[in-house]
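# Survey of secondary and tertiary structure
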Amino acid sequence: MDTGPQLAIDAMGGDGGAPLVVAGVAKALARDATLRFTLFGDEAVLRAECARHPALGDRIAIAHAPEVISGEDKPALAIRRAKTTSMGLAIAAVKGGQADAAVSAGNTGALMAMAKLSLRMIEGIDRPALAALLPTLGAHDLVMLDLGANTECDARNLVQFAVMGAAYARILHDLAEPRVRLLNIGTEELKGTGELRDAAALLRAADHLPLRFDGFIEANGLGSGEADVIVSDGFTGNIALKTAEGTARFIGDLIRRSFTSSFRSKMGFLLSRPALTLLRHGLDPNQRNGAVFLGLNGTVVKSHGGTSVEGFAKAIEVAAKLARGRLVSRISEDLSRIRASQAA
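Only a predicted model underlies this, so the values are computations on that prediction, with no experimental measurement involved. (Residues numbered from 1 in each chain as written. Predicted model: local features only at pLDDT ≥ 70, side-chain atom pairs only at ≥ 80, totals over all residues. Heavy atoms only, no water.)

### Notes on the pattern of salt bridges
Just so we agree on the cut-off: Basic side-chain nitrogens of Lys or Arg form a salt bridge, by our definition, when they fall within 4 Å of a carboxyl oxygen of Asp or Glu. A run of DSSP states H or I qualifies as a helix once it reaches four residues; a run of E qualifies as a strand once it reaches two. Both are numbered from the N-terminal end. Exposure is judged per residue with a 1.4 Å probe applied to protein chains only, and the accessible area is read against the type maximum: over 50% gives exposed, under 20% gives buried, and values in between give partly exposed.
This model, assessed by the stated rule, comprises 15 salt bridges. Here Asp 228 and Arg 179 are joined by a salt bridge, their closest N and O atoms 3.0 Å apart. Here Asp 228 is found in the loop between strand 8 (212-217) and strand 9 (229-231), whereas its partner Arg 179 is found in strand 7 (residues 179-183), with 49 residues between them in sequence. With a relative accessible area of 4%, Asp 228 lands in the buried category. Between Arg 212 and Asp 214 there is a salt bridge whose closest N-O contact spans 3.0 Å. Salt bridges sharing common partners tie together Lys 27, Arg 31 and Glu 310.

Okay, here's the thing in structure tokens:
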């Protein structure tokens, strides 16, 4: 059997804990039998859960971690407990080369803090960015960043985010030159802050990079499929993401209410059920679970804490793709192109 990526799993993080995580690992392995896993957490608990999934066989190893980072733990406390927690030990496995990527559904702030301190930044990247996938009407999902890691960004940061997001999209969607846009209040060149306009000028001149800069895009174009990567500061990006998520929930609730308002509506639901199933699948966040901390010297994927078994399996799938695609190396290569261009 071919040898796939070795993944370090924080098996105790998230609302579902070890039962959900192990079930997600089993589902991911059923789809890709080349994957290998090290599960970090309470050994007795994990062995009992793994016994429920005999197909895991010899594709997993268990590493005991006596402590767990809770959702209430502050990042400073989490850092002090990095050597004894399932989250900290999973990240340490990536740093030490024992794993190609780490996946956790635990505390986001703690995960970011520990990963940044342990793995450090890629040379040429000033700040990490949080990237995630959003559904679109196009051929594939949209890569969007930053989604909350940095509330204020200058033009240099935004260009770096564009480089990282484009590398992510090239791996995930097999694109030669992803279409990159900056999120703005208008599409005209004179719109927006000075930082946005300066970043746009730098990206227009970056013909040495494997990306295509298509200018600005407004928030109402997020799902249009007109871009493969959308870049913003973390404050704006987080608001845009939460607005999109809230709108999707609103539409879902409105449709549900409409189809239960009368007997005729209920009959209409039965006739519309196949189309509504497709709609639900398209809007289901579990289908694109797995945000990525870009810019670190290692791959760390953050699963939503309240995800399902399917959602955790999707986060593992993202981590495996990025490991196979050499995400960190690709970002480093693109940054080297920028330095070479500036030197010339």
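Picking up after the structure, the text goes on.
### Re the pairing of strand 8
What counts here: Strand pairing is assigned whenever DSSP identifies at least 2 bridges connecting the two strands.
Relative to strand 8, strand 7 runs parallel, the two being bridged by four bridges. Bridge pairing links Val 180 to Phe 213 in strand 8.

### A short note on the sheet that holds strand 6 (residues 142-145)
The condition that has to hold: Axis definition: a line fitted to C-alpha atoms, limited for helices to the stretch in contact. Angles are taken between N-to-C directions and run from 0 to 180 degrees. For this analysis, residues touch if any pair of their heavy atoms sits within 4.5 Å.
One open sheet accounts for 11 strands, arranged 3-2-1-4-11-10-5-6-9-7-8; its pairing is mixed. Across the chains shown, the open sheet's two edge strands, defined by having one partner strand only, are strand 3 (60-64) and strand 8. Each neighbouring strand pair of the sheet contributes to a mean axis angle of 25°, computed without reference to strand direction. Its contacts with the sheet place helix 5 (residues 108-119) against strand 4 (101-104), strand 10 (291-294) and strand 11 (299-302), and it is angled at close to 180° to strand 11.

### Thoughts on helix 1 (residues 17-31)
Note the threshold: Each helix should span, by expectation, one fewer than its residue count multiplied by 1.5 Å.
Between its first and last C-alpha atoms helix 1 spans 22 Å; for 15 residues at 1.5 Å apiece the expected length is 21 Å, and the two agree. Of all the 15 residues making up helix 1, 11 are buried; the element is thus mostly covered by neighbouring parts of the structure. Buried residues along helix 1 sit in contact with strand 1 (6-10), strand 2 (36-41), helix 2 (43-50), strand 3 and helix 10 (309-324).

### Description of helix 6 (residues 155-173)
For clarity, the cut-off: In protein, a polar contact requires one atom able to donate a hydrogen and another able to accept it; more generally it is a pair of N or O atoms within 3.5 Å, and residues adjacent in sequence count only if both atoms are side-chain atoms.
With 19 residues, helix 6 extends 26 Å from end C-alpha to end C-alpha; this agrees with the ideal 27 Å at 1.5 Å per step. Most of helix 6 sits inside the fold, with 18 of its 19 residues counted as buried. Its side-chain oxygen placed 3.2 Å from the backbone nitrogen of Arg 156, Asp 154 serves as the N-cap of helix 6. Immediately downstream of helix 6, the backbone of Asp 174 shows phi near 55°, a positive value.

### Re a negative patch on the surface
Put simply, the test is: Like charges within 9 Å and nonpolar side chains (Val, Leu, Ile, Met, Phe, Trp, Tyr) within 5 Å are joined into patches, using only residues over 30% in relative accessible area that form no salt bridge. Every accessible area reported is derived by Shrake-Rupley at a probe size of 1.4 Å, with residue values counting cover from the shown protein chains alone. Charge counting treats Lys and Arg as positive and Asp and Glu as negative, with His and both chain ends excluded. A charged residue contributes its charge at one atom only: NZ of Lys, CZ of Arg, CG of Asp or CD of Glu.
Taken together, the side chains of Glu 152, Asp 154, Glu 195 and Asp 198 define an acidic patch exposed on the protein surface. Here Asp 154 shows up in the loop between strand 6 and helix 6.

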